[in-house]
Structures are given as C-alpha cells and as structure tokens.
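Topology and contacts: notes
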Amino acid sequence: MKKITFIGMLFLGAMAFAQIGINTATPEATFDITAKNITGTSETAEGLLIPRVDRQRAQSMTDVETSTLVYINSISTGNQSGTAINIDVAGYYYYDANTNVWVKLITSGSSEDTNLYNKNGSLSENRTVAQDNKTLAFTSNANNAFSIDDSTFSVDAANDKVGIGTISPTNKLVVKGTNAQPNYTNAILRVDGNSNHSLDFGTFADSPYGSYIGSVDKVLSSPLPLILNPLGANVGIGTTNPSPKAILELDSNNKGFLPPRMNTNERNAISSPPAGLMIYNNTVNVMQYYNGSTWINYQ
C-alpha cells in the first residue's frame, strides 16, 4: 500500500506541476532527487542507481530511445558487433538512435579520456583541420617546443629560432644537412621555382672545403656553381675547385670576362679610383687600368 500511495503521489505531482521531486517538496527540474543527508557523516548510501545489464542484454534491446543510459556490468556475454560495437569494457553507455549504437560515456580522468592534452596517441586515419577564417596559435617558452620527427623541423620558442635538420638552431633560421660535393642532389638548401633551374646552397665535404651557391639545370641535372671558399678566401665561378693562389677564378670554354664599359667622361667621374682598377674605355675602344696616378692603356 505504501508503494502504491507513493507512486500515486508522484503521478499526482507530475500532473499538477509537470515536475517530480524525491526528498524535496520544491523540485527544480522535471525529475529532482535530493539526498536525505547532503552533509555529515552518515554511512547510508545515497545516489542514483542506473540500470545494470550485461553486454548481451544491451545488444538484444530493440526500439531503444536516444539518450537511454545503462551501466554495462559485464562483457563476458554477447559480442562487440551491431549496436554493441563500442561496448568493449564495463562502464556507462548511452544509446544514439541516429547511429543505432551504444556509445561509451567518457568521464574526465578515465583511461578512455585520451587526447593530445593528457596522453600520447596515434591517428587511425587521415585528419583535416578546417580553420576557415580562424587562427591556430601555440605559445611556449621551451627549446624544441614544436617539432616534426624530432630534428626534421624544430621551433625553439625560448629563443625565437627555427631549425630544419637540427633541434638546436644557433641563428634565426638554421638549415642543417650533410657536407657533400656539388651535384644535382647534394645541396643542403634549394630555392626552387617552376622553371628548369633552381638555386642550390651547400657545403663541401672535400677540397676546397668551403661553401657553394649553384644554379642547377634541373633538366640536365647539372650544377653551375659559384664557389665561396672561406678557408682559402677565394671565389670560383664555373669551377668547383678554384685555385688557392687566386682570389677569383673564372672558368669557361665558351665565355669571356666582360669588365665594366664606360666612356672617358664616366671614367674620369670615378672618385679616388684605387690602383689596379680596370675598365673598358669605349671612347677609345681599349682596356685601361689605373696605376695610382693615371689611367694606362693595356698594350
């Protein structure tokens, strides 16, 4: 009789106020349960006990309403398929009628709460982040704060530096590779366009032990280097091995050296020319050099 009376009172309250309260005369929601003892040291268990079923029972249910909540207390029955495809451990699950599956209710701090903020993980398939007009920013004050495959790409946020091939860049941008003689593939850095040529930068492994800048013909796969040799303090154009006796070596079998060309008035307008300065005087059509006091014709 007590149970019948209690149920009747619940329905009367529901019809009168469209709200039901347990342990409260003023429910603040459709169904409001208030603990008998909200403070103190009472040992009486209180709470809401969700229906407990095993996996097979949940898997057998039909016409389940969206948001139905159950606690799966055993996965020793049934199998992980159909509506139970997500039921792999004991825990809370709710039903999603749009996908017709039970969905695991993830709680903060649980073993299933895996995201890049608290756990490492692996992508199961390709992902795309659609930013539209939104920005994506990272803040850090750490060395190697952001990296791809360790040293492939590294951002030193502590010192505002970027490293490619290194996790400890010493300058704003450091591209680190392997020393090698100039050819089509050995450059450390390539500036490439959509034409047949690119601009390569690299460092030698062997003599002349310097650095080079090379214009590369990508069709013929051949380098046309400009060699900068800080060790020998010399430069080579058209050669990968400039003579250590020359500060500048030009090498070609089909081109010549073309000095600056000017007329006599333009030559005389050069202020304080240094001894040894060379020009081609196109007023008199002759090569000339300055000997420290006057211009001399090459004979």
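Note: the structure precedes this text.
Below you will find a few notes about this structure.

Within the protein chain one finds three helices and 20 strands. Taken over the C-alpha trace, the protein chain has a radius of gyration of 40 Å; the compact-globule value for 299 residues is 19 Å, which it surpasses by more than 25%. Dimensions along the principal axes, computed over C-alpha positions, put the protein chain at roughly 135 × 40 × 35 Å. Classification of the 299 residues of the protein chain by burial places 19% in the buried group. Taking the contacts inside the protein chain whose residues are at least 6 apart along the sequence as the reference set, 15% of them involve residues at least 24 apart. As presented, the protein chain carries roughly 21,600 Å² of accessible surface, and 54% of it is formed by carbon and sulfur atoms. A gap of 2 Å separates the mean positions of the 19 positive and 24 negative side-chain charges of the protein chain.

A word on the nonpolar core. Core analysis: the biggest nonpolar cluster contains 10 residues, these being Val53, Ala58, Val64, Val70, Ile72, Ala84, Ile87, Tyr93, Tyr95 and Trp102. Of all the elements in the fold, those that place two or more residues in this core are strand 4 (69-74) and strand 5 (91-96). Tyr93 has contacts with Thr68, Leu69, Val70, Ile72, Asn86, Ile87, Asp88, Trp102, Val103, Lys104 and Leu105, leaving out every residue within four places of it along the chain.

Okay, the pairing of strand 6 (residues 101-104) next. The alternating pattern of strand 6 places Val101 and Val103 on one face and Trp102 and Lys104 on the opposite face, and all of these are buried. In this structure, strand 5 lies alongside strand 6, joined through four bridges in antiparallel fashion. Note that in strand 6 the partner of Asp96 across the bridge is Val101. The hairpin turn running from strand 5 into strand 6, its antiparallel successor, is four residues long, and Asn100 in that turn takes a positive phi close to 60°.

So, on to the packing of aromatic side chains. Summed over the entire model, instances satisfying the criterion amount to six aromatic pairs. Where Tyr95 meets Trp102, the ring centres are 5.0 Å apart and the plane angle is 70°; that geometry is what we call edge-to-face. Taken together, a centroid distance of 5.9 Å and an interplanar angle of 35° make the contact between Phe138 and Phe146 tilted. Taking the relative accessible area as the measure of exposure, Phe138 reaches 66% and is therefore exposed. Given a relative accessible area of 40%, Phe146 falls into the partly exposed group.

Under the counting rule described, the total for this entry stands at three salt bridges. Where Arg190 meets Asp200, a salt bridge forms, and the shortest distance between an N and an O atom there is 2.7 Å. Taken as a pair, Arg190 in strand 11 (residues 189-192) and Asp200 in strand 12 (residues 197-203) lie far apart in primary sequence, 10 residues in all. We classify Asp200 as buried; its relative accessible area is 1%.

All right, on to the sheet that holds strand 6 then. Taken together, the four strands give an open sheet; going across it, the order is 3-4-5-6, and neighbouring strands pair in mixed fashion. At either end of the open sheet lies a strand with only one pairing partner, and these are strand 3 (52-54) and strand 6. The mean angle between the axes of side-by-side strands here comes to 45°, regardless of whether they run parallel or antiparallel. Taken together, the four bridges between strand 4 and strand 5 define a ladder with antiparallel strand orientation. From the neighbouring strand, Leu69 faces strand 5, where its bridge partner is Tyr94.

Among the surface-exposed residues, Ile237, Ile247, Leu248, Leu250, Phe257, Met278 and Tyr298 lie close enough to one another that they form a single nonpolar patch of about 680 Å² accessible area. Position of Ile237 relative to the elements: it lies in strand 15 (residues 234-237).

Attention now moves to the environment of Asn120. With respect to the element layout, Asn120 can be found in the loop between strand 6 and strand 7 (146-148). When the C-alpha atoms of Asn120 and Val286 are compared, they prove to be 75 Å apart, with 166 residues separating the residues in sequence.

A few words on the side chain of Lys104. Assignment of secondary structure puts Lys104 in strand 6. Polar contacts involving the side chain of Lys104 include one to the side chain of Asp88, which spans 2.6 Å.

A few words now on unusual backbone geometry. With glycine set apart, most residues show a phi of negative sign, and most peptide bonds adopt trans. Positioned with a positive phi, Asn100 is a non-glycine residue whose angle comes to about 60°. Mapping Asn100 onto the fold places it in the loop between strand 5 and strand 6. For Asn100, a relative accessible area of 43% corresponds to the partly exposed category.

On to the sheet that holds strand 9 (residues 161-164). The sheet built from four strands is open, its strands ordered 7-8-9-10 with mixed pairing. Each of the sheet's edge strands pairs with one partner strand only, and the pair in question is strand 7 and strand 10 (173-175). With direction set aside, neighbouring strand axes in the sheet form an average angle of 10°. Here strand 9 runs beside strand 10; their pairing, made up of three bridges, is parallel. Its bridge partner being in strand 10, Val162 is matched across the sheet by Leu173.

Calculation rules
- Residues numbered from 1 in each chain as written.
- Predicted model: local features only at pLDDT ≥ 70, side-chain atom pairs only at ≥ 80, totals over all residues.
- Heavy atoms only, no water.
- Helix = DSSP H or I, 4+ residues; strand = E, 2+ residues; numbered from the N terminus.
- Rg over C-alpha atoms; globule rule 2.2 N^0.38 Å.
- Buried < 20%, exposed > 50% of the residue type's maximum accessible area, 1.4 Å probe, protein only.
- Contact = heavy atoms within 4.5 Å.
- Areas by Shrake-Rupley, 256 points an atom, 1.4 Å probe, with all protein chains shown as cover.
- Lys, Arg positive; Asp, Glu negative; His and termini not counted.
- Charge placed at Lys NZ, Arg CZ, Asp CG, Glu CD.
- Core = buried A, V, L, I, M, F, W, Y, C linked by side-chain atoms within 4.5 Å.
- Pairing = 2+ DSSP bridges.
- Phe/Tyr/Trp six-rings, centres within 6.5 Å; stacked < 30°, edge-to-face > 60°.
- Salt bridge = Lys/Arg side-chain N within 4 Å of Asp/Glu carboxyl O.
- Axes fitted to C-alpha atoms, helices over the stretch in contact; angles between N-to-C directions.
- Patch = residues over 30% accessible without salt bridge, like charges linked within 9 Å, V, L, I, M, F, W, Y side chains within 5 Å.
- Polar contact = N/O pair within 3.5 Å; in protein donor to acceptor, adjacent residues only side chain to side chain.

Keep in mind these values describe shape, not function.
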